[in-house]
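Here is what each chain is made of, one letter per residue.
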Amino acid sequence: MLHPARSSSIPPAAPPWERLEFESPAGCGPEASNPPPGMESPDPSSRCPVREQRARWERKRACTARELLETERRYQEQLGLVATYFLGILKAKGTLRPPERQALFGSWELIYGASQMLLPYLEEGHWGQGLEGFCHHLELYTQFAANAERSRTTLQEQLKKNKRFRRFVRLQEGRPEFGGLKLQDLLPLPLQRLQQYENLIVALAENTGPNSPDHQQLTRAARLISETAQRVHAIGQKQKNEQHLQRVQALLSGRQAKGLTSGRWFLRQGWLLVVPPSGEPRPRMFFLFSDVLLMAKPRPPLHLLQSGTFTCRALYPMAQCQLCRVFGHSGGPCGGLLSLSFPHEKLLLMSTDQEELSRWYHSLTLAISGQKN
C-alpha cells in the first residue's frame, strides 16, 4: 500500500488562493486603489482596464485552484478506499488469483501513488512544480484505459462464476464509506478524473499570467494532460467499436457472415423498408459500417438453431455510393425515401419515421464522404 509522504524539498508557502498574484503594471498596483483623504470616490475615468483584467484572472485562477485541490482530496480518498477495502483484502485473502486481480484493477495502486505525490504540492500552492512531476505518471492512465474492457469483462466473469468473490464484493459495497456505489461504478474513476484534470488544469494555465513563475510549467502540463486525454478517448472509442462489432457478428449467421465485421467501424443499425421496382416494400435490417452497408434478412422464428439471427443478403460499398433524398426533406407524418445508387444496382430505402430517416441520411453521408476523402 502506498502512503502519502510530504517531501522536504517542497518549500512552505501561504495557502494557494492567497498567493495568486501577478506583477502589477505601472499605475495599476495596490497603491492606485488607495485615494488620498477626501477622495474616497475616485473619478470613473481613473479606472485601469489592465488591473481589472488582472483581477478577473486572479479570481478565476483562485476558484480553479480551489476546485482542483478539493476534488483531488476526494479523488485520493476514493482511490484509497478501493485500494484498502478491495485490493488490499483480496491480496490478503487470496480470493482472486494475481492474474485475475491484475486484470480487474490494472494500474490502480500506481495511480493512487501518483495522487499521493501530487496532493502535498497542491496543498502548499506549488501548482506548476507538482503538476510537472505528475505528468511523468500520465502513462499510467493510458495503460488503465487500455485495460478498461478487460477489467469490465473480468468483473462480469468473476461475479458470475466465483461465489466467494461475489459474496466479498457485496459485503464491501455495503460499507458506508462507499455511499452506495458499486465496484463497477468505482472502477472507471481514474478515467473520469483524467477528464477533470484536463478541464481544470487547462483553465488554471489559461488564467495564469505570463509573468507568473509557474506559467511555463502549467502550460506544459495542460498540453501533456490534454494529449493523454485524447489518447484515452481514442482507446475508449476503439473498445466501444469492438463491442459493437462482436454484437453484430453474433447477430449474423451463415457461412457468408464469417469475418464480415472484422476491422470495420460500426456506425448504425436499424430496420428500413426496401422498395422494389414492383410489389410491396419489404422490411430489412441494415448495418452501416465505415466502408460498407450490409443488408440482412431475419431468420425464420422457428429455425431450430439460428432463430433471432440474420442472414447477409448484400454488401454495398460506400466508396461507390451516390446518395439522394427523394422526399422527406421537411418534417411530417409521411416519413421519407432515400435513393442509393451503385454501379450495378439502385436501392430505394423508405421509413415512416422522419427523424429516423434523417439520422440514416446523416450517417450515410458521413460514411460516403469518409471513403471518398
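Residues numbered from 1 in each chain as written. Predicted model: local features only at pLDDT ≥ 70, side-chain atom pairs only at ≥ 80, totals over all residues. Heavy atoms only, no water.

## Focus on the nonpolar core
1) Next: Ranked by size, the top nonpolar core spans 52 residues in total, and within it Phe-86, Phe-105, Trp-108 and Tyr-197 carry the most contacts.
2) Next: Element by element, the count of residues in this core is highest for helix H1 (residues 49-93), at 12 residues.
3) Next: Apart from residues no more than four positions distant in its own chain, Phe-105 is found in contact with Val-82, Phe-86, Leu-87, Leu-90, Phe-144, Leu-183 and Leu-187.
4) Next: Core analysis: the next-biggest nonpolar cluster, separate from the first, contains 20 residues, Phe-286, Met-318, Leu-347 and Leu-364 among them. (Core = buried A, V, L, I, M, F, W, Y, C linked by side-chain atoms within 4.5 Å. Buried < 20%, exposed > 50% of the residue type's maximum accessible area, 1.4 Å probe, protein only. Helix = DSSP H or I, 4+ residues; strand = E, 2+ residues; numbered from the N terminus. Contact = heavy atoms within 4.5 Å.)

## Quick look at the pairing of strand S8 (residues 345-351)
1) Next: The sheet contact formed by strand S2 (residues 266-274) and S8 spans 2 bridges and is antiparallel. Bridge pairing in S8 places Val-274 opposite Leu-349.
2) Next: Direction of pairing for strand S7 (residues 336-342) relative to S8: antiparallel, over a ladder of 7 bridges. Each residue of the ladder has a partner; that of Ser-341, found in S8, is Lys-346.
3) Next: Adjacent in sequence and paired antiparallel, S7 and S8 are bridged by 2 residues. (Pairing = 2+ DSSP bridges.)

## Notes on the packing of aromatic side chains
1) Next: Scanning all chains against the criterion turns up 12 aromatic pairs.
2) Next: An aromatic cluster is present here, built from Tyr-75, Phe-134, Tyr-141 and Tyr-197 joined pairwise through their rings.
3) Next: Geometry around Phe-266 places Arg-247 over its ring, the cationic atom sitting 5.5 Å from the centre.
4) Next: When the ring centre of Tyr-361 is taken as reference, the NZ or CZ atom of Arg-325 above it lies at 4.2 Å. (Phe/Tyr/Trp six-rings, centres within 6.5 Å; stacked < 30°, edge-to-face > 60°. Lys NZ or Arg CZ within 6 Å of the ring centre and 35° of its normal.)

## Side note on the environment of Asp-291
1) Next: The residue Asp-291 is located in the loop between strand S3 (282-289) and strand S4 (292-298) in this model.
2) Next: Filtering out sequence-adjacent residues up to four positions away, Asp-291 remains in contact with Arg-264, Tyr-316, Pro-317, Met-318 and Gln-371.

## Considerations on the pattern of salt bridges
1) Next: Under the definition given, this model contains 12 salt bridges.
2) Next: Its salt-bridge partner being Glu-173, residue Lys-182 comes within 3.9 Å of it at the nearest N-O pair.
3) Next: According to the relative accessible area criterion, Glu-173 is buried, its value standing at 15%.
4) Next: One salt bridge in this structure joins Glu-227 and Arg-223, with 3.5 Å as the shortest N-O distance. Note that Glu-227 and Arg-223 are positioned in helix H10 (residues 215-251) at a spacing of 4 residues, about one turn of the helix.
5) Next: According to the relative accessible area criterion, Glu-227 is partly exposed, its value standing at 30%. (Salt bridge = Lys/Arg side-chain N within 4 Å of Asp/Glu carboxyl O.)

## What about helix H3 (residues 108-124)?
1) Next: With 17 residues, H3 should cover 24 Å at 1.5 Å per step; its first-to-last C-alpha distance of 25 Å lies within 8% of that length.
2) Next: Within H3, 12 of the 17 residues are buried, which leaves the element mostly enclosed by the surrounding structure.
3) Next: Three or more residues of H3 are buried, namely Trp-108, Ile-111, Tyr-112, Gly-113, Ala-114, Ser-115, Gln-116, Leu-118, Leu-119, Pro-120, Tyr-121 and Leu-122.
4) Next: Buried positions along H3 lie against H1, helix H2 (98-105), helix H4 (127-134), helix H5 (139-146), helix H8 (183-186) and helix H9 (189-206).
5) Next: One or two residues past the end of H3 sits Gly-125, with phi positive at roughly 85°. (Expected span 1.5 Å × (residues − 1).)

## Regarding the sheet that holds S2
1) Next: Pairing within the open sheet is mixed, and its 8 strands lie in the order S1-S5-S4-S3-S2-S8-S7-S6. Of all strands in the sheet, those with a lone pairing partner are strand S1 (252-253) and strand S6 (322-327), marking the two edges.
2) Next: Summarising the sheet, S1 and strand S5 (residues 310-317) pair through 2 bridges and their orientation is parallel. If you follow Ser-253 over to S5, its bridge partner there is Thr-311.

## Observations concerning the side chain of Ser-212
1) Next: Residue placement: Ser-212 occurs in the loop between H9 and H10.
2) Next: Within polar-contact distance, the side chain of Ser-212 engages the side chain of Asp-214 at 2.7 Å. (Polar contact = N/O pair within 3.5 Å; in protein donor to acceptor, adjacent residues only side chain to side chain.)

## Structural notes on the confidence of the model for the chain
1) Next: Confidence in the prediction for the chain averages 85 pLDDT; 83% of positions are at 70 or higher.
2) Next: Note on residues 1-42: pLDDT is under 50 here. Beyond four places in sequence and across chains, it has 70 contacts. (pLDDT = per-residue confidence, 0-100.)

## Some details on a positive patch on the surface
1) Next: A surface patch of like charges, here positive, comprises Lys-93, Lys-163, Arg-164, Arg-167 and Arg-170.
2) Next: When residues of the positive patch are assigned to their parent elements, the largest contribution, 4 residues, is made by helix H7 (residues 163-173).
3) Next: Structurally, Arg-167 can be placed in helix H7. (Patch = residues over 30% accessible without salt bridge, like charges linked within 9 Å, V, L, I, M, F, W, Y side chains within 5 Å. Areas by Shrake-Rupley, 256 points an atom, 1.4 Å probe, with all protein chains shown as cover. Lys, Arg positive; Asp, Glu negative; His and termini not counted. Charge placed at Lys NZ, Arg CZ, Asp CG, Glu CD.)

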